[in-house]
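Read off the chains here:
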Amino acid sequence: MNPRILIADNQGMMFEVESASEPGNPNIVNVFYEDMIWFCTCPDFHFRKRICKHIRQVEDFIDRKYEEYKMEV
Ligand SMILES: [Zn+2]
């Protein structure tokens, strides 16, 4: 499941990511990037204050997009 871009401008970026922690019961978390820092609305990020799987998912997504862009140019 690809993250969905909600906002992407010079203020920052926001993504919607499906969290498949419970099979058949996905919940949506928001991942955003502001002042060079990643944030996520999931409990994992909130309690442990470190990069969670959703942030990694978004980073991978951006990397793939960037690779596609390089191929097209
Ligand atoms: Zn998260």
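Residues numbered from 1 in each chain as written. Predicted model: local features only at pLDDT ≥ 70, side-chain atom pairs only at ≥ 80, totals over all residues. Heavy atoms only, no water.

Asks: Go over the overall build of the protein chain with me, naming the residues and quoting the values.
Replies: Secondary structure assignment for the protein chain yields 2 helices and 4 strands. The order of α-helices and β-strands along the protein chain, N terminus first, is β-β-β-β-α-α. Each principal axis of the C-alpha distribution contributes one length, and for the protein chain these read about 40 × 30 × 20 Å. Counting across all 73 residues of the protein chain, residues that qualify as buried make up 22%. A fraction of 24% describes how many contacts in the protein chain between residues 6 or more apart in sequence connect residues 24 or more apart. (Helix = DSSP H or I, 4+ residues; strand = E, 2+ residues; numbered from the N terminus. Buried < 20%, exposed > 50% of the residue type's maximum accessible area, 1.4 Å probe, protein only. Contact = heavy atoms within 4.5 Å.)

Asks: Account for the sheet that holds strand β4 (residues 37–40), naming residues and giving values.
Replies: With respect to topology, 4 strands assemble into an open sheet ordered β1-β2-β3-β4, the strand pairing being antiparallel. Single-partner strands in this sheet number two, and they are β1 (4–9) and β4. Each neighbouring strand pair of the sheet contributes to a mean axis angle of 15°, computed without reference to strand direction. Of the pairings in the sheet, the one linking strand β3 (residues 27–34) to β4 comprises 4 bridges and is antiparallel in character. Among the inter-strand pairings, Glu34 is bridged to a residue of β4, identified as Ile37. (Pairing = 2+ DSSP bridges. Axes fitted to C-alpha atoms, helices over the stretch in contact; angles between N-to-C directions.)

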